[in-house]
Amino acid sequence: MHRTGLRELDLRHAQNSWLPPLALFVAASMVFGCGGGGSSPSSGSGTPPSNPQPAATPAFSGQMLSGTTPVVGALISFYAAGASGPGAGATNLSSQEITTDTSGKFSVPAFTCPSGTAQMYLVGRGGNGSGTLGNNPAIVMMTALGDCNSLTSSTTAVINEVTTAASAWALAQFIGPDANIGASSTNAAGLRNAFLAIDNLVDNSKGTAPGPSLPANAVLETAKINTLANILSACD
């Protein structure tokens, strides 16, 4: 299927049937934050293995937010999605520990892409998202970045409840425990198309819906994405 056709198909699905994302939210609440499904930044047997790479691609930056409140002291992981099966095999490309500062901001150090079309994503775990209650190990949020070769030093990425809800919906069939994302080696195109569909739903550079790839004549029910995001924010 051509990329445009897939995006139109995903858009119609997003507009006309919100039962799947509502059902997904129950599962997402276990994968991302609520209900004890998330792990603390320093533990969690489900965390994809670390495999630092030689420096090559320039660093880029981002910010982790709970609503509009910075999440301080969160651990940020930078993953390449796996190719050993659904929800498995993701590789952490972070060459050093990445944590958010008092503004929720972080910088991903230089890295080498496993391949130009490796599907990349960020996961933020733990941190203080309330401003008053201290570290919350139940916080697990993500943002999908797409092709590794699309990342540059000018890339900025927001991790918040909106990016998490959109990513969880589009990547439902590829997400495993502790935000481990992967597909079989024979379904790399399906995984890439799912990441592309996220561009319809959310602008990852701003953390808002809809996304930059939404066709000009299309209308996305952003209120429903934001409703799911608001439910997730109760865990922060």
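Note that the structure is predicted; figures quoted are calculated from it, not measured.

Quick notes on the rules
Residues numbered from 1 in each chain as written. Predicted model: local features only at pLDDT ≥ 70, side-chain atom pairs only at ≥ 80, totals over all residues. Heavy atoms only, no water. Helix = DSSP H or I, 4+ residues; strand = E, 2+ residues; numbered from the N terminus. Buried < 20%, exposed > 50% of the residue type's maximum accessible area, 1.4 Å probe, protein only. Areas by Shrake-Rupley, 256 points an atom, 1.4 Å probe, with all protein chains shown as cover. Core = buried A, V, L, I, M, F, W, Y, C linked by side-chain atoms within 4.5 Å. 1 Å grid on protein atoms, 1.4 Å probe; cavity = no way out; pocket = protein on both sides within 12 Å on 5 of 7 lines; lining within 4 Å. Points joined across faces, edges and corners; volume = space filled by probe spheres on them. Nonpolar A, V, L, I, M, F, W, Y, C, P; charged D, E, K, R; others polar. Polar contact = N/O pair within 3.5 Å; in protein donor to acceptor, adjacent residues only side chain to side chain. Phe/Tyr/Trp six-rings, centres within 6.5 Å; stacked < 30°, edge-to-face > 60°. pLDDT = per-residue confidence, 0-100. Contact = heavy atoms within 4.5 Å. Expected span 1.5 Å × (residues − 1). Axes fitted to C-alpha atoms, helices over the stretch in contact; angles between N-to-C directions. Parallel < 35°, antiparallel > 145°, perpendicular 65-115°, else oblique. Left-handed = near helix turned anticlockwise from the far one by under 90°.

## Overview of the overall build of the protein
Thought 1: Secondary structure assignment for the protein yields five helices and eleven strands.
Thought 2: A buried classification covers 51% of the 236 residues belonging to the protein.
Thought 3: Accessible surface, the protein: about 10000 Å² in total, of which carbon and sulfur atoms supply 55%.

## A short note on the nonpolar core
Thought 1: Counting 27 residues, the largest nonpolar core has Y121, L171, I181 and L191 as the members making the most contacts within it.
Thought 2: In terms of residue count, helix α4 (residues 188-201) provides more of this core than any other element does, five residues in total.
Thought 3: Counting residues in hydrophobic clusters, the runner-up holds 22 residues, among them A74, I98, V108 and I159.

## Things to note about the layout of surface pockets
Rolled over the atoms, a probe sized like a water molecule indicates the empty space that remains.
Thought 1: Of the pockets and cavities examined, the largest pocket occupies roughly 310 Å³.
Thought 2: Lining the largest pocket are 20 residues, and of these A144, L145, G146, D199 and N204 lie nearest its centre.
Thought 3: Going through the elements one at a time, β8 (140-147), β9 (156-159) and α4 are the ones with two or more residues in the lining of the largest pocket.
Thought 4: Looking at the lining of the largest pocket element by element, the count peaks at five residues for α4.
Thought 5: Split into classes, the residues belonging to the lining of the largest pocket amount to nine nonpolar, seven polar and four charged.

## Section: helix α3 (residues 161-170)
Thought 1: Of all ten residues in α3, ten are buried, a share of seventy percent or more.
Thought 2: Of the residues flanking the start of α3, the one acting as N-cap is N160, its side-chain oxygen 3.0 Å from the backbone nitrogen of V162.

## Concerning the packing of aromatic side chains
Thought 1: This structure, assessed with the given rule, holds four aromatic pairs.
Thought 2: Geometrically, the ring pair formed by F60 and F78 is edge-to-face, given 5.4 Å between the ring centres and 75 degrees between the ring planes. With F60 in strand β1 (residues 60-66) and F78 in strand β3 (residues 75-80), the pair connects residues that are 18 residues apart, well separated along the chain.
Thought 3: Residue F60 is classed as buried on the basis of its relative accessible area, which comes to 2%.
Thought 4: Among the residues examined, F78 registers a relative accessible area of 0% and is labelled buried.
Thought 5: Taken together, the aromatic side chains of F60, F78 and F111 make up a single cluster linked through ring pairs.

## Thoughts on unusual backbone geometry
Thought 1: Although it is not a glycine, D178 sits at a positive phi angle of roughly 55 degrees.
Thought 2: Exposure remark for D178: the relative accessible area of 6% places this residue in the buried category.
Thought 3: Phi at A179 takes a positive value of approximately 60 degrees, unusual for a residue other than glycine.
Thought 4: The exposure class assigned to A179 is buried, which follows from its relative accessible area of 0%.

## Observations regarding the confidence of the model for the protein
Thought 1: For the protein, the mean per-residue pLDDT works out to 78, and 70% of the residues sit at or above 70.
Thought 2: For residues 1-30, every residue scores under 50 in pLDDT, and the model assigns this stretch 43 contacts once sequence neighbours within four places are set aside.
Thought 3: Within the model, the stretch residues 35-50 combines pLDDT values under 50 with 31 contacts to residues more than four positions away or in other chains.

## Remarks on α4
Thought 1: Helix length check: α4 (14 residues) gives 21 Å between terminal C-alpha atoms against 20 Å at 1.5 Å per residue, within 8%.
Thought 2: Where α4 is concerned, the buried positions are L191, N193, A194, F195, L196, A197, I198, N200 and L201.

## Here's the deal with the packing of α3 against α4
Geometry of a packed helix pair, given as the angle between the helix axes and the separation of the axes.
Thought 1: Look at α3 against α4: their axes get within 9 Å of each other, and the N-to-C directions meet at 140 degrees. As the angle between them shows, α3 and α4 are arranged oblique. Note on packing geometry: the crossing formed by α3 with α4 is right-handed. On the side of α3, the interface is formed by A166, S167, W169 and A170, while α4 contributes A194, I198 and L201.
Thought 2: Looking at side-chain class alone, the contact of α3 with α4 contains six nonpolar, one polar and no charged residues.

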